[in-house]
Amino acid sequence: MLLVLAIAFTVDADGSAYSAQSASQIREADLSTVVFFVVFAVLTLLISFWAARRATSSSEYLTAGSSISSGQNGLAIAGDYMSAGAFLGLSGAIYASGLDGMFLAASYLASWPIVLFLVAEPLRRLGKYSFADVLTHRLRERPTRILAGGSTLVVVSFYLVAQMVGAGELISLLFGIGYGPAVIMVGLLMIVFSTLGGMRAATWVQIIKAILMLGGSAIITTLALARFGFNVSDLLKMAASNHPNGSNIMNIRGFAQDGVATLSLGVGILFGTAGLPHILMRFFTVSDERAARVSVFYATCLIALFFSMLFVIGYGSIALLRGDPTYANASGALFGGNNLAPIHLAKAVGGSILAGFISAVAFATILAVVSGLIIAGASSAANDLVVGLSGRHLHEGMRLRISRVAAMTLGILGILLGLACEGQNVAYLLALATAIAASANFPLLLLAIYWDGLTTRGAVVGGTFGLVSSVVLTAMGPTIWSKVLGLGPAIFPYDSPALFTLPLTLFVCWLVSIAKAEPQGDWRLAQPAAAQYVE
Amino acid sequence: MDGANLRKTAEVVPSRLAANRLGTLRFRLAIAMIALYLAMMAFVIHSARQATQATVVAADFGPAMIALASCMAFSIILTGLFVLMRHVD
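The rules behind each value
- Residues numbered from 1 in each chain as written.
- Chains lettered and ligands numbered in written order.
- Predicted model: local features only at pLDDT ≥ 70, side-chain atom pairs only at ≥ 80, totals over all residues.
- Helix = DSSP H or I, 4+ residues; strand = E, 2+ residues; numbered from the N terminus.
- Buried ≥ 20, exposed ≤ 12 C-beta atoms within 10 Å, placed from the backbone.
- Rg over C-alpha atoms; globule rule 2.2 N^0.38 Å.
- Contact = placed C-beta atoms within 7 Å.
- Expected span 1.5 Å × (residues − 1).
- Axes fitted to C-alpha atoms, helices over the stretch in contact; angles between N-to-C directions.
- Parallel < 35°, antiparallel > 145°, perpendicular 65-115°, else oblique.
- Nonpolar A, V, L, I, M, F, W, Y, C, P; charged D, E, K, R; others polar.
- Core = buried A, V, L, I, M, F, W, Y, C linked by C-beta atoms within 7 Å.
- Left-handed = near helix turned anticlockwise from the far one by under 90°.
- pLDDT = per-residue confidence, 0-100.

Undergrad: Account for the overall build of chain B, naming residues and giving values.
TA: Helix and strand content of chain B: 4 helices and 0 strands. The helix and strand sequence of chain B, counted from the amino end, reads α-α-α-α. Looking at chain B as a whole, 28% of its 89 residues qualify as buried.

Undergrad: Before we move on, could you go through the overall build of chain A and cite the residues and values that matter?
TA: Scanning chain A for helices and strands turns up 19 helices and 0 strands. The C-alpha atoms of chain A give a radius of gyration of 22 Å, which matches the 24 Å a tight globule of 535 residues would have. Across its three principal axes, chain A shows a C-alpha extent of roughly 75 × 50 × 40 Å. Residue burial in chain A is summarised as follows: out of 535 residues, 66% are buried. Long-range pairs, those at least 24 residues apart, make up 84% of the contacts in chain A between residues at least 6 apart in sequence.

Undergrad: So what about the environment of Phe442 of chain A? Which residues, and what values?
TA: All names here are of chain A. Relative to the elements of secondary structure, Phe442 occurs in helix α16 (residues 427–450). Judged by the 30 C-beta atoms lying within 10 Å of it, Phe442 is buried. Spatially, the C-alpha atoms of Phe442 and Val115 are 9.9 Å apart, while their sequence positions differ by 327 residues. With sequence-adjacent residues up to four places away left out, Phe442 is seen in contact with Phe271, Ala274, Gly275 and Ala437.

Undergrad: Would you mind going over helix α8 (residues 141–175) of chain A in detail, with residue names and values included?
TA: Residue and element names in this part refer to chain A. The terminal C-alpha atoms of α8, which comprises 35 residues, lie 48 Å apart, in line with the 51 Å expected from a rise of 1.5 Å per residue. Burial of α8 is extensive: 29 of the 35 residues sit out of reach of the surface. Positive backbone phi, approximately 70°, marks Gly176, located one or two places after α8.

Undergrad: Hey, could you go over the packing of helix α6 (residues 100–126) of chain A against helix α13 (residues 289–321) of chain A for me, with residue numbers and the actual values?
TA: Residues and elements named next belong to chain A. Viewed as axis vectors pointing N to C, α6 and α13 meet at an angle of 175°, and their least axial separation amounts to 9 Å. On the basis of their axis angle, the class for α6 and α13 is roughly antiparallel. On the side of α6, the interface is formed by Gly101, Met102, Ala105, Leu109, Trp112, Val115, Leu116, Ala120, Glu121, Arg124 and Arg125, while α13 contributes Glu289, Ala292, Arg293, Val296, Ala299, Thr300, Ile303, Ala304, Phe307, Leu310, Phe311 and Gly314. Residue composition of the contact of α6 with α13, grouped by class: 15 nonpolar, 3 polar and 5 charged.

Undergrad: Describe the nonpolar core, and please don't skip the residues or the numbers.
TA: Counting 220 residues, the largest nonpolar core has Leu367 of chain A together with Leu68 of chain B as the members making the most contacts within it. Looking at which element gives the most residues to this core, the answer is helix α14 (residues 341–390) of chain A, with 30 residues.

Undergrad: Outline the packing of α14 of chain A against helix α15 (residues 396–420) of chain A, supporting the account with residue identities and numerical values.
TA: All names here are of chain A. Across the interface, α14 lies against α15 with an axial gap of 8 Å and an inter-helix angle of 130°. The angle between the axes of α14 and α15 places the two elements in the oblique class. For the crossing formed where α14 meets α15, the hand is right-handed. Contact with α14, carried on its side by Val370, Ile374, Ile375, Gly377, Ala378, Ser379, Ala381, Ala382 and Val386, involves Arg399, Ile402, Ser403, Ala406, Ala407, Leu410, Gly411 and Gly414 of α15 and no other residues of that element. Among the residues forming the contact of α14 with α15, the class breakdown is 11 nonpolar, 5 polar and 1 charged.

Undergrad: Outline helix α17 (residues 456–475) of chain A, supporting the account with residue identities and numerical values.
TA: For α17 of chain A, spanning 20 residues, the distance from its first C-alpha to its last is 28 Å, which sits close to the expected 28 Å at 1.5 Å a residue. With 15 of 20 residues buried, α17 of chain A is to be regarded as a mostly interior element.

Undergrad: Account for the environment of Ser331 of chain A, with residues named and values stated.
TA: The residue Ser331 of chain A is located in the loop between α13 and α14 in this model. In this structure, the C-alpha to C-alpha distance between Ser331 of chain A and Gln520 of chain A, residues 189 residues apart in sequence, is 69 Å.

Undergrad: Break down the confidence of the model for chain B for me, with residues and values.
TA: All names here are of chain B. Mean pLDDT over chain B works out to 73, with 62% of the residues at or above the 70 mark. By mean pLDDT, the top-scoring element of chain B is helix α4 (residues 63–88) (90), and the lowest-scoring one is helix α1 (residues 12–20) (46). Taken as a whole, residues 1–19 scores under 50 in pLDDT and shows 29 contacts with residues more than four places along the chain or in a different chain. Below pLDDT 50 for its whole length, residues 53–59 participates in 8 contacts with residues either more than four positions away or in separate chains. Our summary of model confidence lists the complex with pTM equal to 0.86 and ipTM equal to 0.84.

Undergrad: Describe the environment of Arg86 of chain B, listing the residues and the values that go with them.
TA: With respect to the helices and strands, Arg86 of chain B occurs in helix α4. Residue classification places Arg86 of chain B among the partly exposed positions, given that 17 C-beta atoms sit within 10 Å.

Undergrad: I'd like a rundown of unusual backbone geometry, residues and numbers included.
TA: All names here are of chain A. Even without a glycine there, the phi angle at Ala64 is positive, about 55°. Relative to the assigned elements, Ala64 resides in the loop between α3 (58–63) and α4 (70–81). On the neighbour-count criterion, Ala64 (27 C-beta atoms within 10 Å) is buried. With phi around 55°, Ser66 is a residue other than glycine that occupies positive phi space.

Undergrad: Tell me about the confidence of the model for chain A, residues and numbers included.
TA: All names here are of chain A. Overall, the prediction assigns chain A a mean pLDDT of 85, with 91% of residues at 70 or greater. The low-confidence segment residues 1–27, where pLDDT is below 50, has 78 contacts with residues more than four positions distant or belonging to other chains. Contacts from residues 528–535, a stretch scored under 50 in pLDDT, to residues over four places away or in other chains number 18 contacts.

In structure tokens, the structure reads:
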């Protein structure tokens, strides 16, 4: 998620955040990188085969049987945030322009209390497979599930394409293979992993990856600080002296230009997390509300720790890599792109083995994130879209089969779109996904949980308004309208429309709900009552 | 479960009441977090626009860094506070 915004500070003129200065400067895979990569690939496959033997029910496949502990879930949630986008993109953003990257980090961390206070417990109490379960405990099922399913698949698809393109570029740079084979390799692993193992496999890979990412980051941080006698002040002074912007890298610069744009971005980040389907699904994997809220606390602490280490890694990269011809050119840009700052720093302080380990962990990160996306999409397809469109609930075996087919379909779609988008700047898709989450999913969840007056018509009209308005306004913003499509000055002046679309969606939901009362009568599809979801 | 429509169950009502038993606390903390975040944002933007060369050079950990760190710290404190109070309740 952080990749899209961090890339804004590191993207090159050709639109690629991972642009190589020249073919000769593309990093060839070290033996250690290949060895670690193979170890992680084999490990993920073993985990998927282990989990597949247990995934004999849809509950086990989609939510790991709600048997994940709060500590495990906290690590898994944190793992979703310790993505390649955060690790590489945030560090690259700090390397390029200083403290602006940490503003993003603080914003994402601030979104987790919002998730805990407003969404986590009700979600666990009222839902089972998707956030649509929470919406439909009072509202009519068919239109609500169709809307929620459509919104989820849109968000997941945008996310998936951006992750696949980023994965292809990253793997291509790290391991010296072509973009196409990289996308296909990641995609095939993802399909096998998600289709067989389900949520339990995805959770355990996230846990293992989170531990490795924290451990690797801690090693890089410690070794980098050791170069300065563990004096952070000295590290920052060296960074300021190395960077062309001098001490200005200690201050926010880019985000200070336009207060409204920054505020809109902040609103999108603050409330978007509480509307992302693959994040919300995490709360169905634990046993009860207590485990849900404790897992959020664990995740918040771990994410804060990770971001703190990224602070040192980012500024440490400036201090130790800028001006070193081994890692950067004359202008200060790192070979392979500024997003490779942590990997270059790992090599500078810990040698090829540490760099290879970190590269392979970045790969594991990608696999874990895309598998979580796939499962969230598969769950929504089976439980929301199919049920909504058919008007019938699925029996257990059919739900499991449809979930697996949907997972495979999404995986194939991800590969095809990833191949089709080679070389294109698709970072805006992540911004779009976040905008939809903040403008459509979150307002619906909020009102469905806390307002008795929400009607089905209000939810559907408001949710559709949020979905369409966020897509349209983002498309009319500077990034897509001017830079991607090249249609001249942007019609909508801000990249993130959340400041406008979120309150408007709430207003539309309220207005339509009060205009006409919910019709009484039997409207629910045959299903267990909501209370039965609390196991 | 197959084919028959069911009426809205009464079990939903206790769930909603349970969700709102500590409604005041969760909304107060949410508002507090939003206010803190907006205050941090306003402060860092203001300090960036007001920063002078002399001021920036003099500080290793500038006011913006401290503001960001404070926001991150409060995120942890408020989540811990909520979890603790829910356990006590």
